[in-house]
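# Topology and contacts: notes
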Amino acid sequence: ESTDIVNLANLLLFVRYELNNEVHDDIFFCQPIPIHTTGEAIFKVIDDFIKNNYLDWSRCVGIITDGARAMIGSKKGVVARTQAVAPEAKSIHCCIHREALTTQNM
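In the annotation of an unreviewed UniProt entry, the protein chain is listed under the name Zinc finger BED-type containing 5 and assigned to Chelydra serpentina.

So this is what it looks like as structure tokens:
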């Protein structure tokens with residue numbers, strides 16, 4: 001989730017997948033979200049995109065997040081909601097975000 005120049009919140013999702021024995025990274029989508037970004041609101045944007053594009057949640061095998069409460073909340077976070085529809089999905093904390101947090105006070 002990021003806020004743009006006019007203070008509107010946008011959700012930007014990236015996808016990593018294998019195609020022809022090569023790993024690819026692409027932008028999955030960018031969608032506006034309510035300014036108060038709860039796990040429920042974020043998951044709804046993702047779920048609507050998945051359903052509207054006839055994609056299958058079972059193909060989701062991993063989630064990388066920045067560790068914000070909206071993302072990792074045990075009941076209402078995006079990870080918990082995603083694992084409810086894609087039980088095989090594993091979650092990890094983004095290593096680049098950890099580095100950014102570490103260098104922030106240097």
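### Re the overall build of the protein chain
Counting secondary structure elements, the protein chain contains 4 helices and 5 strands. Reading the protein chain from its N terminus to its C terminus gives the helix and strand order β-β-β-α-β-α-α-β-α. Burial status across the protein chain gives 26% buried among its 106 residues. Look at the contacts in the protein chain between residues 6 or more apart in sequence, and 41% of them connect residues 24 or more apart. By element, 55% of the accessible surface of the protein chain is carried by carbon and sulfur atoms, the whole surface being about 8000 Å².

### Observations regarding unusual backbone geometry
Most peptide bonds adopt trans geometry, and most residues besides glycine take a negative phi value. Even without being glycine, asparagine 20 reaches a positive phi, approximately 55°. When you line up the elements, asparagine 20 lands in the loop between strand E2 (9-19) and strand E3 (22-32).

### Thoughts on the pairing of strand E4 (residues 62-65)
Where burial is concerned, the two faces of E4 differ: the one with Ile63 and Thr65 is buried and the one with Gly62 and Ile64 is not. By the bridge criterion, 4 bridges tie E4 to strand E5 (residues 90-93) in an arrangement that is parallel. Within the sheet, the bridge partner assigned to isoleucine 63 lies in E5 and is serine 91.

### Looking at the confidence of the model for the protein chain
Chain-level statistics for the protein chain give a pLDDT mean of 82 and a share of 77% at 70 or above. Averaged over each element, pLDDT in the protein chain is lowest for helix H4 (residues 95-104) (60) and highest for E3 (92).

### Quick look at helix H1 (residues 39-52)
Under the 1.5 Å per step criterion, the end-to-end length of H1 is 20 Å for 14 residues, consistent within 8% with the ideal 20 Å. Backbone geometry just downstream of H1 places tyrosine 54 in the positive-phi region, at approximately 55°.

### Focus on helix H3 (residues 78-85)
Taken together, the buried positions of H3 are occupied by Val78, Val79 and Thr82. Projected onto a plane normal to the axis of H3, the buried residues spread over an arc of 95° and lie on a single side.

### Quick notes on the packing of H1 against H3
Relative to each other, H1 and H3 sit at 45°, their axes nearing to 8 Å. The orientation of H1 with respect to H3, classified from their angle, is oblique. Judged by the twist between their axes, the crossing of H1 over H3 is right-handed. Along the contact surface, H1 presents Gly39, Glu40, Ile42, Phe43 and Ile46, while H3 presents Val78, Arg81, Thr82 and Val85. Class assignment for the residues of the contact of H1 with H3 results in 5 nonpolar, 2 polar and 2 charged.

### Considerations on the pattern of salt bridges
A side chain with one charge may pair with a side chain of the opposite charge, provided their charged atoms come close. Under the defined criterion, the tally for this structure stands at 4 salt bridges. Where glutamate 40 meets arginine 81, a salt bridge forms, and the shortest distance between an N and an O atom there is 3.3 Å. Highlighted residues: glutamate 40 in helix H1 and arginine 81 in helix H3, separated in sequence by 41 residues. Overall, the relative accessible area of 40% leaves glutamate 40 in the partly exposed class. Between lysine 51 and aspartate 47 there is a salt bridge, and its shortest N-O distance comes to 2.9 Å. Highlighted residues: lysine 51 and aspartate 47, both in helix H1, separated by 4 residues, approximately one helical turn.

Parameters at a glance
- Residues numbered from 1 in each chain as written.
- Predicted model: local features only at pLDDT ≥ 70, side-chain atom pairs only at ≥ 80, totals over all residues.
- Heavy atoms only, no water.
- Helix = DSSP H or I, 4+ residues; strand = E, 2+ residues; numbered from the N terminus.
- Buried < 20%, exposed > 50% of the residue type's maximum accessible area, 1.4 Å probe, protein only.
- Contact = heavy atoms within 4.5 Å.
- Areas by Shrake-Rupley, 256 points an atom, 1.4 Å probe, with all protein chains shown as cover.
- Pairing = 2+ DSSP bridges.
- pLDDT = per-residue confidence, 0-100.
- Expected span 1.5 Å × (residues − 1).
- Arc of directions from axis to C-beta.
- Axes fitted to C-alpha atoms, helices over the stretch in contact; angles between N-to-C directions.
- Parallel < 35°, antiparallel > 145°, perpendicular 65-115°, else oblique.
- Left-handed = near helix turned anticlockwise from the far one by under 90°.
- Nonpolar A, V, L, I, M, F, W, Y, C, P; charged D, E, K, R; others polar.
- Salt bridge = Lys/Arg side-chain N within 4 Å of Asp/Glu carboxyl O.

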